[in-house]
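As a plain string of letters, each chain reads:
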Amino acid sequence: MDVRPRRRARRERERLGHEEPGSVLRGPPIAVTCDCGEKRDLRYGEAWECEGCGKRWDTRQIPAEDYEVIRRTQLRFRVLPVVFGLVVAAMAIFFTLTGNIFNVFVLLPLAMMIWFIFVRPVHQRRYREAIANLPRWELRPQ
């Protein structure tokens, strides 16, 4: 007789956006386009053999130091939105606990206006500039 407690079946986590699991910490995918037109997004260190023409593409041709710079840049620019959201949430919790519920209804629209009108455009412009200065590579089939 089995006396272990039964576990509920785990529901698969819903993914929001277009990112693969773990892409934040492991770095962005590498887009590889074969000469025959096939496209594939690969993780750093993965190899891919094109189904169309049989050519083999290896992402280890990219120097690890260069890819690490890209990964760190991506992480650095993800910090500001998270911190901004945490500060707004902390303020909303503070106002709620002190009984100033009305201030929460002022805070949330005001925070969204500040984010979308002032902070986000500047943040996106700086991110595009940082990405433009990153190295690019031309992979060759093996």
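Quick notes on the rules
Residues numbered from 1 in each chain as written. Predicted model: local features only at pLDDT ≥ 70, side-chain atom pairs only at ≥ 80, totals over all residues. Heavy atoms only, no water. Core = buried A, V, L, I, M, F, W, Y, C linked by side-chain atoms within 4.5 Å. Buried < 20%, exposed > 50% of the residue type's maximum accessible area, 1.4 Å probe, protein only. Contact = heavy atoms within 4.5 Å. Axes fitted to C-alpha atoms, helices over the stretch in contact; angles between N-to-C directions. Helix = DSSP H or I, 4+ residues; strand = E, 2+ residues; numbered from the N terminus. Parallel < 35°, antiparallel > 145°, perpendicular 65-115°, else oblique. Nonpolar A, V, L, I, M, F, W, Y, C, P; charged D, E, K, R; others polar. Pairing = 2+ DSSP bridges.

S.K.: Hey, could you run me through the nonpolar core in this one?
M.R.: Across soluble globular proteins, you tend to see nonpolar side chains buried next to one another. In terms of nonpolar packing, the biggest core is built from ten residues, these being I30, V32, C34, L42, W48, C50, W57, I62, Y67 and L139. In this structure, I62 is in contact with I30, Y44, Y67, W137 and L139, ignoring residues within four places of it in sequence. Membership of the second largest hydrophobic core comes to six residues, among which are A92, F95, V104 and L107.

S.K.: I keep staring at the packing of helix α2 (residues 64-97) against helix α3 (residues 101-132) and nothing clicks. Help me out?
M.R.: The geometry of a pair of packed helices is captured by two quantities: the angle between their axes and the separation between those axes. Here α2 crosses α3 at 170°, and the two axes come no closer than 10 Å. By the angle between their directions, the pair α2 and α3 is classed as roughly antiparallel. When grouped by side-chain class, the residues that make up the contact of α2 with α3 number 18 nonpolar, five polar and two charged.

S.K.: Please explain the pairing of strand β1 (residues 30-33) as it appears in this structure.
M.R.: On any regular strand, side chains alternate: one points to one face of the sheet, the next to the other face. Of the two faces of β1, only the one carrying I30 and V32 is buried; A31 and T33 on the other face are not. Where β1 meets strand β2 (residues 39-42), four bridges bridge the pair, whose relative direction is antiparallel. Its bridge partner being in β2, I30 is matched across the sheet by L42.

S.K.: Got a minute to help me understand the environment of C36 in this structure?
M.R.: With respect to the helices and strands, the residue C36 is situated in the loop between β1 and β2. A sequence separation of 15 residues divides C36 from E51, and the C-alpha atoms of the two residues are 9.8 Å apart. Each residue touching C36, except ones within four places of it in the same chain, is listed here: C50, G52 and C53.

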